Amino acid sequence: MGKNLTMLQAITEAMDQMLGHDDRVMIMGEDIGVNGGVFRSTEGLYEKYGKDRVIDTPLAESGIIGSAIGLALNGMLPIVEIQFLAFIYPGFEQLVSHAARMRYRTRGQFGVPLLIRTPYGAGIRGPELHSESVETFFAHTPGLKVVAPSNPYDAKGLLISALEDPDPVIFLEPTKLYRAFKEEVPDEMYRIPIGQAKVVQEGSDLTIYAWGAMLREALNAAKKIEAEKGWKCEVVDLRTLYPLDRDTIVQSIKKTGRALIVHEAHKTAGLGAEIISIINDEALIYLKAPIKRVTGFDVPVPPFTIEDHYLPTVDRVKQGIVETLSF
Amino acid sequence: MKAYSNEVEPEIFRVLTPDGEIIETIDGKIDKSLMLKMYESMLLLRTFDRKSVNLQRQGRIGTYAPFEGQEASQVGSALALSAGDWMFPTYRDHGAAIIHGQELYRVFLYWMAHFDGSICPEGKRILPPSVPIATQMVHAVGTAWASKIRGEKNVSIAYFGDGATSEGDFHEALNFAGVYKTPTIFFCQNNGYAISVPFEKQSASKTISQRAAAYDIHGVRVDGNDIFAVWLTVKQAVERALNGEGPTLIEAITFRYGAHTTADNPNIYRDQDEISTFWRENRDPITRLRKYLNKEGHWNEEQEELALKKFNELIDAHLQKAEGYPKSDPLEMFNHVYAEESWHLKEQKQELNQILRKGGKK
Ligand SMILES: Cc1ncc(C[n+]2csc(CCOP(=O)(O)OP(=O)(O)O)c2C)c(N)n1
């Protein structure tokens with residue numbers, strides 16, 4: 001049994017079930033209680049579980065993440081919502097200096113099973129700093145795990161896994177996809193393992209690696225190219241950004257010999273570079289062409305009037321496919 | 001307050017004068033055996049601290065942060081806790097950690113930069129020293145909050161210095177603790193300096209304890225070199241916390257006689273002789289309790305000698321244990337990054353292992 005849900009609804013359902021399932025679970029953040037979250041991802045939960053489990057905190061990201069670290073140390077399972085990814089910066093120190101390191105520092109004595117959810121990415125016509133895609137900061141931090149779903153089904157299953165994970169997980173929710181489409185989502189509490197990518201479309205000519213909102217652009221471009229040129233692209237959704245699923249990445253390139261990486265994060269030191277390195281290490285001799293990246297530019301995400309020019313578009317992705325396949 | 005001021009500070013809570021007189025009623029709350037425990041603990045820690053400074057000079061431990069002069073604050077506060085209470089120390093609070101149950105040899109291991117120096121005894125809740133300033137304060141709010149949610153009768157204490165009160169996390173922690181009325185004790189040792197910067201340059205507010213008012217929590221300013229006053233203050237904070245009356249901010253006025261760390265030269269920023277001598281001669285926490293105990297006939301020269309001998313032997317035994325402790329295996333750097341090791345760490349571990357084996361040393 002299931003229902004058709006948006007990603008937002010799937011996320012709310014996952015949290016609802018986790019709150020009902022385990023007393024230790026609590027949600028905390030700015031405007032997440034009475035208001036149900038600025039995107040309404042916690043809608044109804046405050047009414048259902050009360051102010052002590054769905055907590056409107058003071059406006060203080062370091063305080064939120066830092067106290068959640070303490071709560072997690074002392075047996076709770078906090079879900080922290082950071083209102084927008086770029087507003088995590090005041091709490092960044094708590095994440096990298098403490099959440100990520102507590103287990104290491106205490107030689108396994110104390111863990112921090114903390115889940116941080118945050119909307120991220122461009123395409124929602126937001127004001128400055130509402131559209132950032134800085135997953136690299138977290139994927140560069142040993143001790144953290146980074147997850148980015150691209151559809152309602154994965155969002156629910158990954159969220160439950162992330163909450164049950166004994167280590168801190170940053171859960172990046174592509175804002176643009178919150179309400180973009182609906183999908184059948186099972187009613188039960190199912191889990192999708194962290195650390196596993198998924199081949200969402202099989203193909204033989206080229207692999208596109210993408211995640212989050214860019215997965216849609218990748219699929220659309222692949223569909224168009226197939227119609228126009230008959231080329232069949234394989235599309236891989238990474239789903240977990242750290243640690244990466246090397247096996248799936250490598251298996252696909254061995255099959256297709258050509259790759260294109262699509263991400264909306266800035267190009268320099270973006271995860272695309274890491275994926276290219278993995279392929280170089282593991283599958284260089286299978287390559288028939290240099291690996292291309294279609295990414296956001298190395299500029300701050302610009303005002304929304306020109307935001308679309310910053311983001312990879314279906315056309316840019318198509319262009320990348322053509323260049324790679326005609327190398 | 002100037003760190004070297006001789007003025008009487010009106011709003012400060014003091015029980016035991018520097019001459020060893022009791023000026024407040026202690027209502028039998030501190031009995032003889034507790035007094036002796038306080039005294040011996042301070043003596044033990046001073047011996048440990050001096051030894052550690054020497055060990056650093058001999059190259060047997062790494063850079064070290066001394067706390068000599070702050071013994072009453074650390075011992076008094078730690079003795080007021082129960083065994084299951086959460087402690088969040090800084091790099092200067094290993095004295096408090098030892099009194100709360102951390103083993104001496106582990107403290108040596110920490111300063112020898114051994115991984116295992118951050119482990120606390122089974123069942124204890126002593127977190128590793130926080131190196132980034134003030135960040136541990138919010139953790140203490142969180143653990144206390146969880147204790148409150150589950151109805152466990154434990155408090156959390158966060159230690160920090162006067163410099164830490166300028167950091168954002170100090171304010172976020174007090175604010176959260178106030179809003180959620182968490183059983184948290186914020187214990188500031190105002191030793192007058194944040195490395196080289198005196199409190200007058202750190203902040204325009206005259207005292208740290210007055211900041212409690214801004215968050216509508218309880219604030220107390222106490223003579224941090226008066227162990228009776230410190231103990232009573234923290235004890236009261238514990239009671240308040242367990243009664244559901246929320247957090248307390250305690251400002252303990254004290255002084256570190258020595259350098260910020262063994263890598264620092266305090267002569268550059270303060271008149272070392274004058275200030276240190278002033279505090280040592282007029283306010284030393286150990287001397288003043290000894291004066292009182294001597295007068296009461298609870299302590300004499302002979303006991304002092306015996307105790308010092310005992311502590312030296314104990315510390316040496318722990319030092320030996322630390323120096324004989326198995327060295328960290330380089331491969332240990334890969335352990336405990338996550339609860340479960342992922343592929344990239346497994347492989348990097350193997351890579352290092354091969355390098356080590358080729359080099360013939362491990
Ligand atoms: C976030 C951060 N900034 C700077 C430092 C470097 N630092 C280490 S100790 C210290 C001074 C701290 O002073 P205080 O809080 O008064 O504690 P004390 O050392 O006097 O006990 C500084 C600036 C640090 N450890 N963390």
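Please read these numbers as outputs of a predicted model, since none were measured by experiment.

Student: Which parts of the structure should I look at to understand the confidence of the model for chain B?
Tutor: When pLDDT drops low, the exact placement of atoms in the prediction is not to be read closely. Residue and element names in this part refer to chain B. Summarising the model, chain B shows a mean pLDDT of 94, and 96% of its residues fall at 70 or more. Ignoring residues within four places in sequence, the model shows residues 1-6, a span with pLDDT below 50, making 19 contacts including any to other chains. For this predicted complex, the interface score ipTM comes out at 0.88, alongside a pTM of 0.93.

Student: Help me understand the site of the ligand, please; the structure alone is not making it clear to me.
Tutor: As a matter of local geometry, the ligand sits amid 15 residues, with B:Tyr91, B:Arg92, B:Val131, B:Gly163 and B:Tyr193 nearest to it. A distance of 2.6 Å separates an oxygen atom of the ligand from a polar side-chain atom of B:Arg92.

Student: When you look at helix α12 (residues 343-358) of chain B in this model, what are you seeing that I'm missing?
Tutor: Three- or four-residue spacings in an α-helix give side chains the same orientation, since the helix completes a turn every 3.6 residues. Taking 1.5 Å of rise per residue, the 16 residues of α12(B) would be expected to cover 22 Å, and the 23 Å separating its terminal C-alpha atoms lies within 8% of that figure. Those residues of α12(B) that are buried are in contact with β12 (240-242) of chain A.

Student: What is the right way to look at the sheet that holds strand β5 (residues 115-120) of chain A in this model?
Tutor: The strands making up a sheet associate through hydrogen bonds between their backbones, and the pairing can be parallel or antiparallel. Residues and elements named next belong to chain A. Pairing within the open sheet is mixed, and its 7 strands lie in the order β3-β2-β4-β5-β7-β6-β12. In this open sheet, the two edge strands, each paired with only one partner strand, are β3 (54-56) and β12. Each strand axis lies, on average, 20 degrees off the axis of its neighbour in the sheet, ignoring direction. Relative to β5, strand β4 (residues 77-81) runs parallel, the two sharing 3 bridges. Of the residues in β5, the one forming a bridge with Val80 is Ile116.

Student: What should I look at first to understand the environment of B:Lys201 in this one?
Tutor: Residue and element names in this part refer to chain B. With respect to the helices, strands and loops of the structure, Lys201 is situated in helix α7 (residues 199-202). On the basis of relative accessible area, Lys201 is assigned to the exposed category, the value being 70%. In sequence terms Lys201 and Ser130 are 71 residues apart; their C-alpha atoms lie 24 Å from each other.

Student: I tried to follow the packing of helix α4 (residues 104-111) of chain B against helix α11 (residues 301-323) of chain B on my own but got confused; where do I start?
Tutor: Relative orientation and spacing of two packed helices are given, respectively, by the angle between their axes and the distance between those axes. Residues and elements named next belong to chain B. Taken N-terminus to C-terminus, the directions of α4 and α11 make an angle of 50 degrees; their axes are 8 Å apart at the nearest point. The angle between α4 and α11 places the two elements in the oblique class. Helix-helix and strand crossings are classified by hand; for α4 and α11 the assignment is right-handed. Note on element contacts: α11 touches α4 through Leu314, Ile315, His318, Leu319, Lys321 and Ala322, opposite Leu104, Tyr105, Phe108 and Leu109. A class-by-class count of the residues in the contact of α4 with α11 yields 8 nonpolar, 1 polar and 1 charged.

Student: Quick question: what am I supposed to make of a nonpolar patch on the surface here?
Tutor: A cluster of nonpolar side chains, contributed by A:Tyr89, A:Leu129 and A:Phe137, occupies part of the molecular surface with about 250 Å² of accessible area. As for its placement among the helices and strands, A:Phe137 is situated in helix α6 (residues 135-139).

Student: Quick question: what am I supposed to make of helix α1 (residues 7-21) of chain A here?
Tutor: Here α1(A) is 15 residues long and its end C-alpha atoms lie 21 Å apart, about the 21 Å a rise of 1.5 Å per residue gives. With 11 of 15 residues buried, α1(A) lies mostly within the body of the structure.

Student: Before we go on, may I ask you to explain the pattern of salt bridges in this structure?
Tutor: One side chain can pair with another of opposite charge once the charged atoms of both are near each other. Residues and elements named next belong to chain B. Tallying each qualifying case throughout the model produces 41 salt bridges over all chains. Of the charged contacts in the structure, one is a salt bridge between Arg150 and Glu152, with a shortest N-O distance of 3.1 Å. Judged by relative accessible area, Arg150 falls into the partly exposed class, the value being 35%. Owing to a relative accessible area of 31%, Glu152 belongs among the partly exposed residues under this scheme.

Student: Would you take a moment to explain the packing of aromatic side chains for this structure?
Tutor: Aromatic rings in a pair are described by how distant their centres are and how their planes are angled relative to each other. Residue and element names in this part refer to chain A. Evaluated as defined, the whole model comprises 24 aromatic pairs over all chains. Taking 5.4 Å as the distance between ring centres and 70 degrees as the angle between the ring planes, the aromatic pair formed by Phe39 and Phe84 counts as edge-to-face. Of this pair, Phe39 sits in the loop between β2 (25-29) and α2 (45-49) while Phe84 sits in the loop between β4 and α4 (89-99), and the two are 45 residues apart along the sequence. With a relative accessible area of 16%, Phe39 lands in the buried category. One residue, Arg107, lies across the ring of Tyr104, its end atom 5.0 Å from the ring centre. The ring of Phe181 has Arg216 sitting right over it, with the charged end atom 4.1 Å from the ring centre.

Rules used throughout
Residues numbered from 1 in each chain as written. Chains lettered and ligands numbered in written order. Predicted model: local features only at pLDDT ≥ 70, side-chain atom pairs only at ≥ 80, totals over all residues. Heavy atoms only, no water. pLDDT = per-residue confidence, 0-100. Contact = heavy atoms within 4.5 Å. Near = heavy atom within 4 Å. Polar contact = N/O pair within 3.5 Å; in protein donor to acceptor, adjacent residues only side chain to side chain. Helix = DSSP H or I, 4+ residues; strand = E, 2+ residues; numbered from the N terminus. Expected span 1.5 Å × (residues − 1). Pairing = 2+ DSSP bridges. Axes fitted to C-alpha atoms, helices over the stretch in contact; angles between N-to-C directions. Buried < 20%, exposed > 50% of the residue type's maximum accessible area, 1.4 Å probe, protein only. Parallel < 35°, antiparallel > 145°, perpendicular 65-115°, else oblique. Left-handed = near helix turned anticlockwise from the far one by under 90°. Nonpolar A, V, L, I, M, F, W, Y, C, P; charged D, E, K, R; others polar. Patch = residues over 30% accessible without salt bridge, like charges linked within 9 Å, V, L, I, M, F, W, Y side chains within 5 Å. Areas by Shrake-Rupley, 256 points an atom, 1.4 Å probe, with all protein chains shown as cover. Salt bridge = Lys/Arg side-chain N within 4 Å of Asp/Glu carboxyl O. Phe/Tyr/Trp six-rings, centres within 6.5 Å; stacked < 30°, edge-to-face > 60°. Lys NZ or Arg CZ within 6 Å of the ring centre and 35° of its normal.

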